[in-house]
Amino acid sequence: MTAQGTNRDAWKRAASEAAASLVEDGMLVGLGTGSTAAFFIRALAKRMQEGLHIAGTISSSLASQELAQSFGIPVTTFEANPTLDLYIDGADEIDPQLNLIKGGGGALLREKIVASASRRFVVVADHLKLVERLGQSFALPIEVVPFATPLVKRQLTDLGANVQLRSKGETPFITDNQNMILDCTFAQGISDPAALDERLHHIVGIVETGLFLGMARQVLIGGPNGVQTLP
Ligand SMILES: O=C[C@H](O)[C@H](O)[C@H](O)COP(=O)(O)O
């Protein structure tokens, strides 16, 4: 791993450990997806070994659920517990209003479902995820029903996006929900995320977008000077 990669992992781990200290006895906790969320799951497992008792977790991906279960972290369902106390997850980009792009790992739909079912959503990230404008350096992932993918791709192109079907080797990437992902870049980034999100939700075949607007309550940012809390 490069020195930059090592630093980023250390920053992600520090933010995730700070987030683990927000978990209290009896809480229902949402578990995110990705490398930063995996650090959080490990930090949560460590706190549980030290005596923390949580009521249960719901994961935003099968991978995170498997990781949690491998540490003996209890799992629950929305049938049993429709509201979670706290959701901790990473992000791909974070703007000054704490709006996010998520879905780099393809888990955006379940992540948005878990975020919407949680009283408090706290993001954990390293400082390189902070941007002035969303879409500046990361493509916006959009989850699409496979049958509609060619039609949606045309409509996104008409909106000015450069659109790539996400693939895994030679085959399309398939989400936990059996859908596909279209990664969209915009030449100038995304100037009005709310307007874009509104338009995207009117395209038939789009299941969900990776724009998380007004959802994150707080962001814990790891960097060379420690962990910073926003706002
Ligand atoms: O679908 C994946 C998620 O939105 C991740 O939270 C996001 O891609 C950040 O991942 P990482 O922590 O690996 O940078």
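Per chain, residues are indexed from 1 in the order of the written sequence. Since the coordinates come from a predicted model, pLDDT governs what is reported: local features require at least 70, and pairs of side-chain atoms require 80 or more to be given and counted, while whole-chain, interface and lining totals use all residues.

Asks: Just checking my understanding: could you explain the nonpolar core for this structure?
Replies: What tends to happen in soluble globular proteins is that the nonpolar side chains get buried as a cluster. Within the largest apolar cluster, 58 residues are counted, with the highest numbers of intra-cluster contacts made by Ala15, Ala19, Phe40, Val123 and Val124. Numbering goes from the N terminus for both helices and strands, where a helix is a DSSP run of H or I of at least four residues and a strand is a run of E of at least two. When residues in this core are grouped by element, the largest group, seven residues, is from helix α2 (residues 35-49). Segment limits for the domains were obtained from an automatic or database-derived domain assignment. Composition of this core by domain shows at least three residues from each of domain 1 (3-127 + 213-221) and domain 2 (140-208). Note on definitions: a nonpolar core is a set of buried residues drawn from Ala, Val, Leu, Ile, Met, Phe, Trp, Tyr and Cys, linked by C-beta atoms within 7 Å. Exposure criterion: with C-beta atoms placed from backbone coordinates, a residue whose C-beta has 20 or more other C-beta atoms within 10 Å is buried, one with 12 or fewer is exposed, and one in between is partly exposed.

Asks: So what exactly am I meant to see when it comes to the domain arrangement of the protein here?
Replies: When the parts come together, some accessible area is lost, and that loss is often what is quoted as the size of the interface. In terms of domain boundaries, the protein breaks down into domain 1 (3-127 + 213-221) and domain 2 (140-208). Tallying the contact residues gives 13 residues for domain 1 and 14 residues for domain 2. Per-element accounting of the side of domain 1 that touches domain 2 gives the leading share, four residues, to helix α4 (residues 108-116). Taken together, the residues that form the side of domain 1 that touches domain 2 break down as six nonpolar, five polar and two charged. Note on contacts: each residue gets a C-beta atom placed from the backbone, and two residues are in contact if those atoms are within 7 Å. In this classification, Asp, Glu, Lys and Arg are treated as charged, Ala, Val, Leu, Ile, Met, Phe, Trp, Tyr, Cys and Pro as nonpolar, and every other residue, Gly included, as polar.

Asks: How do you make sense of the site of the ligand when you look at a structure like this?
Replies: We count a residue as near a molecule or strand when its backbone-placed C-beta atom lies within 6 Å of that partner. Near the ligand you find 18 residues, and of these Gly34, Thr36, Gly90, Gly104 and Gly105 are the closest. Looking at the shell around the ligand, the elements with two or more residues in it are α2 and α4. Counting residues per element, the shell around the ligand draws most heavily on α2, which supplies three residues. Tallied by class, the residues present in the shell around the ligand amount to four nonpolar, ten polar and four charged.

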